[in-house]
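The lines below spell out each chain.
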Amino acid sequence: MIIASGSLVLTSEYFKILIDKIHDEFIKKHGLKQLPKTFQLYGYGAFDENKPSLKSDFEALGSEFINGKYLYDKFRDFEKGKPLIKLNHYYKTIILLFLGYKDYGTFLAEHKPSEDEHEKQLTLLKSNDEDITYYYINYYFGEDNTILKGQSIISKNWKKIQHIFMYPLEDGTMREYYSHGNIKRQGDTLTIKTNTLSGDRYIDGASEIYYLGHRAPSNINYLIGTYCTFDLFTNTVAGRAILEKCESKQEMEQKSKDPNIPPYIAMEIRNKRIVNPSVVPRHALELSSNSPYASLYGKIPGTYNVTFDFADGFKEKLKFKILPSNYEIVTLTENVYIEKDRIELLNKGSVINFRFNFSGIIALERVNIYFKSYYLKNNSRNQEGVFSGIDNENRLVNGSLNVDFTEA
């Protein structure tokens, strides 16, 4: 029999049987003659944490904070005559572990108040069969510059998600961090807002966006998206995440503990992360370790005539300009388009590095350019440097270069 993997809806009669079995197991486990008072039994309010309680017993079975009043509130709903009692996914699972049953189908079959009541309960379960749980491995580039894995469990017809992030420890064990979230579908994307357990309460966690297209979520084997959150060191971070579907919970758990990262994941995830340190700068020079060299960066805009001198004697020319308004790079060489570019000041601002990917009529496919930044400090507008890259025939190339610079 299929049991819904989200919440559990019980008839009042079956809930009474379930709560009685919980009470009996509690008395048996702790060798008591009778149940303690309500606060102590369920573990809320002014209860003694050093004495037995269901809250402590349930927390010992799982890894999440237990709201002791939750089960008491459900019991009060029963006492008030509510015909149906609904238990959330986590409580449903913990109670099953506490009672020592493999599944609720077995429990219900062994405790039939009547055939009619049993059939009524089965109808409730079957009506919730559409709530299928989906299991994913969550890959992302995390703390310590390593690719990490997590378990992502999606339920409630793609409305709820639970993340279990796995952090390997030096002794070979795993430390787990939990978050729960709500999923919303907006057009061709899924947006997720999560809450993370901090101490004994949940706080706002990550925001995530995944591209879905126009396909049914249940038919998607991979979800590619981005996240924004705080890391373990309270830095604000953002990066790329990939969720890979598993056929079962067992497969997800097994893969999440395997230290090996598939190459098709590693090449997409590695170094795809932005980290903003937890600092509040007092002035512009404290924005980052590179900020003191901003005055040099501000002199970079202008027109560049670059001559590449290949090792075999071939020469190639490239002309481009860097705009003073927004530092955009614009090619001035006919029939050449710069697809990707990057500007960096290296070695305490003493070296400039340009990285280009080209399309069009040019001998180079991509190139790294290095030359000294002396021309930004004096009147010399000519500078020599080196380059390395790939030519348009997929050969590795390198050589020297000459740069003529005209200030913007």
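Basis of the calculations
- Within each chain, residue numbers correspond to sequence positions counted from 1 in written order.
- Since the coordinates come from a predicted model, pLDDT governs what is reported: local features require at least 70, and pairs of side-chain atoms require 80 or more to be given and counted, while whole-chain, interface and lining totals use all residues.
- Excluded from the side-chain calculations are hydrogens and water; all other atoms, namely the structure's heavy atoms, are used.
- Only the contacting stretch of a helix is used when fitting its axis, a line to C-alpha atoms as for every element, and angles between N-to-C directions run 0 to 180 degrees.
- Secondary structure follows DSSP: runs of H or I at least 4 residues long count as helices, runs of E at least 2 residues long count as strands, and numbering of each begins at the N terminus.
- When describing relative orientation, an angle under 35 degrees is termed roughly parallel and one over 145 degrees roughly antiparallel, while 65 to 115 degrees is termed roughly perpendicular and anything else oblique.
- By the convention used here, residues are in contact when the closest approach between their heavy atoms is within 4.5 Å.
- Delimitation of the domains relies on an automatic or database domain assignment.
- Grid spacing is 1 Å over the protein atoms alone, the probe is 1.4 Å, and a cavity is where that probe fits but cannot get out, while a pocket is an open set with protein on both sides within 12 Å along at least five of seven lines and lining residues have an atom within 4 Å of a point.
- Grid points are joined across faces, edges and corners, and a volume is the space filled by probe spheres set on the points.
- For this classification, Asp, Glu, Lys and Arg are treated as charged, while Ala, Val, Leu, Ile, Met, Phe, Trp, Tyr, Cys and Pro are nonpolar and the rest, including Gly, are polar.
- By convention a nonpolar core is built from buried Ala, Val, Leu, Ile, Met, Phe, Trp, Tyr and Cys residues, the set being connected through side-chain atoms within 4.5 Å.
- Each residue gets one of three labels from its accessible area relative to the maximum for its type: buried under 20%, exposed over 50%, partly exposed in between, using a 1.4 Å probe on protein chains only.
- Centres within 6.5 Å are what make two rings of Phe, Tyr or Trp a pair, Trp counting through its six-membered ring; a difference in plane orientation under 30 degrees is then read as stacked, over 60 as edge-to-face, and the rest as tilted.
- Any two strands with at least two DSSP-identified bridges between them are counted as paired.
- Should the near helix be turned counterclockwise from the far one by less than a right angle, the crossing is left-handed, whereas a clockwise turn marks it as right-handed.

### Considering the packing of helix α1 (residues 12–30) against helix α3 (residues 54–61)
The interhelical angle for the contact between α1 and α3, taken along N-to-C directions, is 85°, at an axis separation of 11 Å. Between α1 and α3, the crossing angle belongs to the class labelled roughly perpendicular. On α3, the residues that touch I22, F26, K29 and H30 of α1 are L54, D57 and F58.

### Observations regarding the domain arrangement of the chain
Looking at the chain, the domain boundaries give domain 1 (8–127), domain 2 (134–276) and domain 3 (291–407). Spacing between the C-alpha centres of domain 1 and domain 2 amounts to 31 Å.

### Quick word on the layout of surface pockets
Each pocket or cavity is described by its volume, and for the second largest pocket that value is around 710 Å³. Along the walls of the second largest pocket sit 27 residues, with E64, N88, H89, Y90 and H180 positioned nearest its centre. At the level of secondary structure, the elements contributing two or more residues to the lining of the second largest pocket comprise α4 (68–79), β2 (84–87), α5 (89–99), β4 (146–155), β5 (160–168) and β6 (174–186). Looking at the lining of the second largest pocket residue by residue, the class counts come to 9 nonpolar, 13 polar and 5 charged. Structurally, the lining of the second largest pocket is a two-domain feature, drawing no fewer than three residues from each of domain 1 (8–127) and domain 2 (134–276).

### Digging into the nonpolar core
Counting residues in hydrophobic clusters, the biggest one holds 33 residues, and the most contacted among them are L18, I22, Y42, L54, F58, L71 and I95. Ranked by residue count, the leading element in this core is α1, at 7 residues. Filtering out sequence-adjacent residues up to four positions away, L18 remains in contact with L10, L87, I95, L99, Y104 and F107. Within the second largest apolar cluster, 31 residues are counted, among which are V336, A363, L364 and Y375.

### Some details on the packing of aromatic side chains
We describe a pair of aromatic rings using the distance from one ring centre to the other and the angle between the two ring planes. Scanning the entire structure with this criterion turns up 27 aromatic pairs. A centroid spacing of 4.8 Å and a plane angle of 65° characterise the contact between F39 and Y44, whose relative ring orientation is edge-to-face. The exposure class assigned to F39 is partly exposed, which follows from its relative accessible area of 42%. Residue classification places Y44 among the buried residues on the basis of a relative accessible area of 12%. Members of the aromatic cluster, each reached through a chain of ring pairs, are Y304, F320, F354, F356, F358, F371 and F405.

### A closer look at the pairing of strand β17 (residues 364–372)
On a regular strand, one side chain projects to one face of the sheet and the next to the other, so that they alternate. Examined bridge by bridge, strand β16 (residues 351–360) and β17 share 7 bridges and lie antiparallel to one another. The partner of F354 across the bridge, within β17, is I369. If you look at the hairpin formed by β16 and β17, you'll find 3 residues sitting between the two strands.

### Some words on the packing of α1 against α5
At a minimum axis distance of 10 Å, the contact between α1 and α5 shows a crossing angle of 50°. Considering their axes alone, α1 and α5 lie oblique with respect to each other. Taken as a pair, α1 and α5 cross one another with a handedness that is left-handed. Between α1 and α5, the contacting residues are L18, K21, I22, E25, F26 and K29 on the first element and I95, F98 and L99 on the second. Split into classes, the residues belonging to the contact of α1 with α5 amount to 6 nonpolar, no polar and 3 charged.

### With respect to α5
What α5 keeps buried is the set Y91, K92, I94, I95, L96, F98 and L99. Tucked inside the fold, the buried residues of α5 contact β1 (8–11), α1, α3, α4, β2 and α6 (104–110). Residue G100 follows α5 closely and has a positive phi angle near 80°.

### Some thoughts on the environment of R270
Positionally, R270 belongs in the loop between α9 (263–269) and β11 (273–276). Since its relative accessible area comes to 53%, R270 is described here as exposed. The residues contacting R270, other than those within four sequence positions of it, are F141 and I147.

### Some words on the sheet that holds strand β18 (residues 382–391)
With antiparallel pairing, the 8 strands of this open sheet are ordered in space as β14-β13-β12-β19-β18-β17-β16-β15. Two strands in the sheet have a free side with no partner beyond their single neighbour: β14 (329–331) and β15 (336–346). Across the sheet, the mean angle separating the axes of adjacent strands is 25° when strand polarity is ignored. Across 7 bridges, β17 lies against β18 in antiparallel orientation. Bridge pairing links I369 to F387 in β18.

### What about unusual backbone geometry?
At N271, a residue that is not glycine, the phi angle is positive and equals roughly 65°. By relative accessible area, N271 is classed as partly exposed at 47%. With phi around 65°, Y327 is a residue other than glycine that occupies positive phi space. Here Y327 is to be found in the loop between β13 (315–322) and β14.

### Things to note about the pairing of strand β3 (residues 134–142)
Counting buried positions over the 9 residues of β3 gives 9, a clear majority of the element. Covered by surrounding structure in β3 are Y134, Y136, N138, Y140 and G142 together with Y135, I137, Y139 and F141, the residues of both alternating faces. Pairing of β3 with β4 involves 9 bridges; the strand directions are antiparallel. Residue Y134 lies in a different strand from β4, and its bridge partner there is I154. In this sheet, strand β10 (residues 236–246) lies alongside β3 in antiparallel orientation, the contact comprising 6 bridges. Looking at β10, one finds that Y139 is bridged to I242.

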